[in-house]
Amino acid sequence: MADTLTLFTSIGLSEQKAKETLKNEALSSALKEGIIQAQRVNGANGVDKAMGTLLYSMASRLKDNKRLVFLSDCIAQRKICTELQLAAALDFVKSHPEDPISQKEFDEACGVGVVITPEQIEDAVESVIKKHKEQLLTERYRFNMGLLMGEARSALKWAEGKVIKNEVDVQVLHLLGPKTEADLEKKPKVRELFHISLMEQLRGEALKFHKPGENYKTEGYVVTPKTMDLLRKHIEFTGGQIRTRFPPEPNGILHIGHAKAINFNFGYAKANNGICYLRYDDTNPEKEEEKYFTAIKDMVEWLGYTPYDVTHASDNFQKLYDLAVDLIRRGHAYVCHQKGEELKGHNVPPSPWRDRPIEESLVLFERMKKGMFAEGEATLRMKMVMEDGKMDPVAYRIKYTPHHRTGDEWCIYPTYDYTHCLCDSIENITHSLCTKEFQARRSSYYWLCNALDLYCPVQWEYGRLNLTYTVVSKRKIIKLVETGVVRDWDDPRLFTLTALRRRGFPSEAINNFCARVGVTVSQTTTEPHLLESCVRDVLNDTAPRAMAVLEPLKVTITNLPKDTKMDVRVPDFPANESKGAHTVPFTCTVFIEQSDFREVMEKGYKRLTPEQPVGLRHAGYVISVQKVIKDSQGKVVELEVTCCSSETAEKPKAFIHWVSQPLVCEVRLYERLFLHKHPEDPSEVPGGFLSDINPNSLQVISSALVDTSVKGAKVLDKFQFERVGYFSLDPDSSADKLVFNRTVTLKEDPGKI
């Protein structure tokens, strides 16, 4: 085991990642075989980190290991050098499961040996820009730059996306020049349009819902001789007001799918001048914890909603018990002794106790309540058939677990099928909104209310909101936490609401996303980048600018006095300077990004080189390289430059960000947690979701440099680090060191599909 751990760390896996991999036997075995094969091919040259990343990706995605040696050879021989080529290789072997591999066909399909030169990229981008030049000059930076990327990538299938993007940025800047104030003016605030859209989707006749008191007009609603009288009393009590509820189980943290439910339930009530309850469905004491109650309420309020009242199913335990006794007396329920295993599935054998005398069931139910049966020895079942064919669902079961609110008062607890509709009736809910999977329970919902001659609300179903590249099941998130893949429920790589808040997603953006997805009946599976787009729309208008350097390169300005120190004014929002500004120090020593300097000039590169000056954003200076200082390994560690005023200097081709006398901070960069769109789909990920973890989902930069304007930031404060991305202050921050989470990049990664 120790040898395998060493083997895995030798290819660049962190020790923690290597240990996690060892827990997955199939992945561990495949990766080990792949590394050993690559070492055989490479001999003394070994396996470097880039090769190791490809081997790990191959091992985690390859479904048929009989091609493992072949693909490992291709990676070791550097025939497969990029993720793009690897994806093509995996597709190729998948489509040729039995055939001998034709090396010629494989090489052609995977771009083996194809070399894309900088000149080819430059020419391809130039051709695309020429094609759209007129529209570019008209729309300038409002033009959809993704179109240019897409067409250039189509022409150069095997070119790296980042290289193409850089060339597009350079050539667009060359054509249009730096952004003007007009370019920076914001479009109409999309988030307001989304908010209006959400309310419009939910208001009045938009959803074709019934009016309060007109439940009977709904298709499928069951009308009894007492229905109209019950509806009349309901209207007398509510005054015709719309009433909804959001009824989560307090046994886990809310996720992005719940955000749609919250917006739908609270939003529908708000849009129609109604009220919405937050009701905890706390009928399973084994799984409920106080922290979940608190977190659920926090998330509802964080999304901007205030419950009319916070209620609990347990508030009604006595009433629910009395109704169960009434149900038995009416001949609609009985005590059964079939075991839990017998009741699972849809082909449950009929209960031999279904027709037992009513008085007998009443006595036995009382004995259940008094704790005279063991767990699983008796249940109370309802005499009805559900829409999915399930017969006689359980209404009460025995659990000798203290309840967080009622303690040891009860040892029998009602089920969802029994509790849900009755609590809706007790609270005079008009519209019981739930996700599509509860459609099979609609008939039991109506049956139970009518069997007890109670007011019956209307159940309406809508489609769940699902996201790709994630899991939201409580059981699976617990597994991710227990195996150390993520830290806790609020790990920013998850899509729980607490995780999204910690990552820096504004609640307004999540609500806008729900509005954009819309209130649909069909199930919705959405890409994460649509949510991220909503986040950018909000943060662009609300996150003040700061400057941060993630990979610093020291720059000494030699023609300024050593004791030079001045304050530079930086607008918080360059597009609207009236919203305020802050100052940052400027001295003769500044730090820039390593990527903003190249020792060897390349065609199309617009930033700093020994032959090419560059401007410093906001500082009013243009710097020119005088000396390049390297360490003993030949790495550039410092530049000596001279500066002159940008007013007198020739206009540089680019302006870069910088910091001086900065704060040393930790920065956490997040990527998708999973490699595949559907990590829970066995046809896509045969090894299970734990085998699909992206090894690069978290990168920690422990010594990033950030300007001093962030010094007084509070936890969850948000910033746009110029040219870098949007960031939020993490709760792990201390007085000694601030920690920032990257919320989203400045622009959507064109490589994401």
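No experiment lies behind these values; they were computed from the predicted model shown.

*Asks:* Could you clarify how one ought to interpret the confidence of the model for the protein in this entry?
*Replies:* Confidence in the prediction for the protein averages 90 pLDDT; 95% of positions are at 70 or higher. At the low end of the mean pLDDT range in the protein sits helix H13 (residues 190–202), at 53; at the high end sits helix H17 (residues 317–329), at 98. Contacts for the low-pLDDT stretch residues 188–196, under 50 throughout, to residues beyond four places or in other chains number 13 contacts.

*Asks:* Just checking my understanding: could you explain the nonpolar core for this structure?
*Replies:* Within soluble globular proteins, side chains that are nonpolar tend to cluster in buried spots. Counting 45 residues, the largest nonpolar core has Phe246, Ile256, Ile262, Leu497, Ile510 and Leu531 as the members making the most contacts within it. Contributions of two or more residues to this core are made by helix H15 (256–271), strand E2 (275–280), helix H16 (290–302), strand E10 (465–467), helix H22 (497–503), helix H23 (507–517) and helix H24 (528–542). Broken down by element, the residue count for this core peaks at 9 residues, all from H15. With near-sequence residues (within four places) excluded, Ile256 lies in contact with Leu465, Leu467, Phe495, Leu497, Leu500, Ile510, Phe513 and Leu531.

*Asks:* It is not clear to me how helix H8 (residues 118–131) should be interpreted in this structure. Could you clarify?
*Replies:* Working note: α-helix, 3.6 residues per turn, so residues spaced by three or four point in the same direction. Its 14 residues place the ends of H8 20 Å apart at the C-alpha level, agreeing with the 20 Å of an ideal helix rising 1.5 Å per residue. Elements in contact with the buried residues of H8: helix H9 (133–139), helix H10 (145–155) and helix H11 (161–176).

*Asks:* Hey, could you run me through a nonpolar patch on the surface in this one?
*Replies:* Taken together, the side chains of Tyr216, Val223 and Met228 make up a nonpolar region of the molecular surface, amounting to roughly 270 Å² of accessible area. Note that Val223 resides in the loop between H13 and helix H14 (227–238). Among the residues examined, Val223 registers a relative accessible area of 48% and is labelled partly exposed.

*Asks:* Explain the sheet that holds strand E26 (residues 739–744) here, please?
*Replies:* Adjacent strands of a sheet pair through backbone hydrogen bonds, lying either parallel or antiparallel. Reading across from one edge, E12-E24-E25-E26-E22-E23-E13 is the order of the 7 strands in this open sheet, with mixed pairing throughout. The sheet is open, and its two edges are formed by strand E12 (545–546) and strand E13 (548–549), each paired on a single side. Where strand E22 (residues 663–670) meets E26, 3 bridges bridge the pair, whose relative direction is parallel. Looking at E26, one finds that Glu666 is bridged to Val739.

*Asks:* Got a minute to help me understand the state of the cysteines in this structure?
*Replies:* Using the criterion set out here, one finds 0 disulfides in the structure. Cysteine Cys74 shares no disulfide, and the gap to the nearest cysteine sulfur, in Cys110, comes to 7.6 Å. The exposure class of Cys74 is buried, given its relative accessible area of 2%.

*Asks:* Help me understand the packing of aromatic side chains in this model?
*Replies:* The geometry of an aromatic ring pair comes down to the distance between the two centres and the angle between the two planes. Scanning the entire structure with this criterion turns up 24 aromatic pairs. With a centroid separation of 5.5 Å and an interplanar angle of 25°, the aromatic rings of Phe266 and Tyr305 are classed as stacked. Of the two residues, Phe266 sits in helix H15 while Tyr305 sits in the loop between H16 and strand E3 (309–312), which places them 39 residues apart along the sequence. Neither Phe266 nor Tyr305 differs from the other in exposure class; each is buried. With a centroid separation of 5.2 Å and an interplanar angle of 35°, the aromatic rings of Tyr416 and Phe438 are classed as tilted. Separated by 22 residues along the polypeptide, Tyr416 in helix H19 (residues 416–426) and Phe438 in the loop between strand E8 (431–435) and helix H20 (442–451) bring together distant segments of the chain. Its relative accessible area of 23% is what places Tyr416 among the partly exposed residues. Aromatic ring contacts, followed pair by pair, group Phe317, Tyr321, Phe365, Tyr396, Trp410, Tyr413 and Tyr418 into a single cluster. Just above the ring of Tyr469 sits the side chain of Arg672; from NZ or CZ to the centre is 4.0 Å.

Conventions adopted
Residues numbered from 1 in each chain as written. Predicted model: local features only at pLDDT ≥ 70, side-chain atom pairs only at ≥ 80, totals over all residues. Heavy atoms only, no water. pLDDT = per-residue confidence, 0-100. Helix = DSSP H or I, 4+ residues; strand = E, 2+ residues; numbered from the N terminus. Contact = heavy atoms within 4.5 Å. Core = buried A, V, L, I, M, F, W, Y, C linked by side-chain atoms within 4.5 Å. Buried < 20%, exposed > 50% of the residue type's maximum accessible area, 1.4 Å probe, protein only. Expected span 1.5 Å × (residues − 1). Patch = residues over 30% accessible without salt bridge, like charges linked within 9 Å, V, L, I, M, F, W, Y side chains within 5 Å. Areas by Shrake-Rupley, 256 points an atom, 1.4 Å probe, with all protein chains shown as cover. Salt bridge = Lys/Arg side-chain N within 4 Å of Asp/Glu carboxyl O. Pairing = 2+ DSSP bridges. Disulfide = S-S within 2.5 Å. Phe/Tyr/Trp six-rings, centres within 6.5 Å; stacked < 30°, edge-to-face > 60°. Lys NZ or Arg CZ within 6 Å of the ring centre and 35° of its normal.

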